[in-house]
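The chain contents come next:
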Amino acid sequence: MKEERKVVRNYKDTIFRMLFNDSERLLELYNALNGTRHDNPEELKVTTLENAVYMNIKNDISFIFQSFMTLYEHQSTFSPNMPLRDLIYISRQYEKYIVDESIYSSQIVTIPTPKFVVFYNGLKDRPEEMTLSLSDSYEIKTDNPDLELKVRMVNINPGYNSKLMETCRTLDGYCRYVERVRTYSAVMPIRDAVERAVKECIKENILAEFLKNQRAEVVSMSIFEYEEEVELKKLRASERRYGEKQGEKRGEKRGEKRIIITQICKKLKKHYSIQKIADDLEEPAEEIERLYKFVEKYAPQYDVEMICSEIFAEDAGI
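Residues numbered from 1 in each chain as written. Predicted model: local features only at pLDDT ≥ 70, side-chain atom pairs only at ≥ 80, totals over all residues. Heavy atoms only, no water.

Another aspect to go through is the packing of aromatic side chains. A full pass over the atoms with the stated rule returns 8 aromatic pairs. Considering the side-chain rings of Tyr30 and Phe65, the 5.1 Å spacing of their centres and the 85 degrees angle between planes classify their relative orientation as edge-to-face. Residue Tyr30 is found in helix H3 (residues 23-34), and its partner Phe65 is found in strand E4 (residues 61-65); the two are separated by 35 residues along the sequence. In this pair, the class of Tyr30 matches that of Phe65, namely buried. Here Phe78 and Tyr120 contribute two aromatic rings whose centre-to-centre distance is 6.5 Å and whose plane-to-plane angle is 90 degrees, an arrangement assigned as edge-to-face. (Phe/Tyr/Trp six-rings, centres within 6.5 Å; stacked < 30°, edge-to-face > 60°. Helix = DSSP H or I, 4+ residues; strand = E, 2+ residues; numbered from the N terminus. Buried < 20%, exposed > 50% of the residue type's maximum accessible area, 1.4 Å probe, protein only.)

Shown next as structure tokens:
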């Protein structure tokens with residue numbers, strides 16, 4: 001019990017991060033991903049910022065190697081906002097990197113070339129690889145944006161990127177472990193599922209040394225990650241239900257307003273005054289006057305659809 005308490009943190013740590021904060025395992029992953037054969041993990045400098053936390057989620061791994069500053073992130077839930085998150089994170093990294101330099105100098109300040117990779121093993125179907133771009137978030141699209149950041153997303157679910165898995169046994173072992181936890185948690189309590197997955201992986205020499213040495217922490221962390229994912233799913237489902245209800249309410253209000261607008265148009269054709277229309281429809285004169293400003297533009301035909309379109313757009317703030 002004492003060992004399990006040590007995983008309580010002010011941020012969300014992950015097993016992925018625990019595994020690849022080790023320089024040897026990280027170099028193994030780097031080689032597998034880039035088709036290289038570097039063999040000296042001491043040349044690799046881990047630079048993960050310990051205080052770079054957003055929404056209780058810590059960035060996974062960042063490191064400098066071969067004049068590249070690389071950011072690795074693991075995701076079990078797809079997020080198209082990774083380029084924006086990485087932009088914020090790399091800015092902090094560069095700020096730390098040039099702390100002894102002056103960006104106002106007449107000499108150019110050189111910085112490591114950035115590379116961004118996301119390892120995805122969520123349940124939603126995604127291609128083997130895809131590129132996420134910061135420019136996808138821009139409100140106004142341009143062919144050649146002044147600021148761009150691209151993230152390589154690699155699908156590490158079973159059946160994807162087999163060559164990468166064959167080359168990086170640590171990543172393959174991690175994916176096998178996660179898959180067993182998912183499978184067993186569908187038919188038994190999460191703690192039992194995790195304990196069974198850990199026991200089997202050790203027996204079958206899948207991340208055996210890591211799981212033996214970090215067993216208590218891995219079990220606690222796996223349970224935490226699973227329960228957090230479940231809670232996030234519940235939250236998203238609740239938000240969807242709320243959105244649907246709000247949409248229904250908006251639809252009902254628009255339907256009621258469409259009836260009022262139709263009645264206003266009919267009464268204006270009979271030359272009723274605004275006050276008379278308000279009295280007949282039992283609506284505030286101020287609201288009838290507001291609607292009248294839209295309606296009068298379409299006299300004498302009074303195109304109800306066009307009038308409603310303009311009014312609904314203003315109500316929505318468009």
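Moving on from the model shown.
Moving on, we come to the confidence of the model for the protein. Across the protein, the average pLDDT comes to 84, with 85% of residues at or above 70. Low pLDDT, under 50, characterises residues 52-57; the predicted model gives this stretch 13 contacts beyond four residues in sequence or across chains. (pLDDT = per-residue confidence, 0-100. Contact = heavy atoms within 4.5 Å.)

Turn by turn, an α-helix covers 3.6 residues, leaving residues three or four places apart pointing in a common direction. Looking only at helix H11 (residues 285-295), the buried set comprises Ile288, Leu291, Phe294 and Val295. Around the axis of H11, the buried residues are gathered within 110 degrees of arc, so they sit on the same side. Residues Glu286 and Lys293 are exposed on H11 and point more than 90 degrees away from its buried face. (Arc of directions from axis to C-beta.)

Unusually for a residue other than glycine, Ser67 sits at a positive phi of about 65 degrees. By secondary structure assignment, the location of Ser67 is in the loop between E4 and strand E5 (68-75). Of note, Asn205 is a non-glycine position whose phi angle comes to about 60 degrees, a positive value. Assignment of secondary structure puts Asn205 in the loop between helix H7 (190-203) and helix H8 (208-213).

With that out of the way, let us pick up the pattern of salt bridges. Scanning all chains against the criterion turns up 14 salt bridges. Between Lys257 and Glu287 there is a salt bridge, with the nearest N and O atoms lying 3.9 Å from each other. Of the two residues, Lys257 is situated in helix H9 (residues 215-269) and Glu287 in helix H11; the sequence distance between them amounts to 30 residues. Salt bridges here are not isolated pairs; linked through shared partners, they connect Arg180, Arg196, Glu200 and Glu204. (Salt bridge = Lys/Arg side-chain N within 4 Å of Asp/Glu carboxyl O.)

On to the nonpolar core. The biggest cluster of nonpolar side chains holds 45 residues, and the ones touching the most others in it are Tyr72, Phe119, Leu171, Tyr174 and Tyr177. Tyr177 has contacts with Ile15, Val194, Ala197, Val198, Cys201, Val218 and Ser222, leaving out every residue within four places of it along the chain. Counting 18 residues, the second largest nonpolar core, distinct from the first, contains Ile261, Cys265, Ala278 and Val295. (Core = buried A, V, L, I, M, F, W, Y, C linked by side-chain atoms within 4.5 Å.)

So, about the sheet that holds strand E1 (residues 45-46). Overall, mixed pairing links the 6 strands, which are arranged E1-E4-E5-E6-E8-E7 in an open sheet. Looking at which strands have only one partner, the edges of the open sheet turn out to be E1 and strand E7 (129-133). When strand E6 (residues 113-120) meets strand E8 (residues 150-155), the two strands line up parallel, connected through 4 bridges. Along E8, the bridge assignment pairs Tyr120 with Asn155. Its contacts with the sheet place helix H4 (residues 82-97) against E4, E5, E6, E7 and E8, and it is angled at close to 140 degrees to E5. (Pairing = 2+ DSSP bridges. Axes fitted to C-alpha atoms, helices over the stretch in contact; angles between N-to-C directions.)

On to the packing of helix H10 (residues 274-281) against H11, then. In the contact formed by H10 and H11, the axes pass within 9 Å of each other and the chain directions differ by 120 degrees. Here H11 runs oblique to H10, going by the angle between their axes. Two packed elements cross with a definite hand, and for H10 against H11 that hand is right-handed. Residues Ile274, Gln275, Ile277, Ala278 and Leu281 of H10 touch H11, and the partners they reach there are Ala285, Ile288, Glu289 and Tyr292. Taken together, the residues of the contact of H10 with H11 sort by class into 7 nonpolar, 1 polar and 1 charged. (Parallel < 35°, antiparallel > 145°, perpendicular 65-115°, else oblique. Left-handed = near helix turned anticlockwise from the far one by under 90°. Nonpolar A, V, L, I, M, F, W, Y, C, P; charged D, E, K, R; others polar.)

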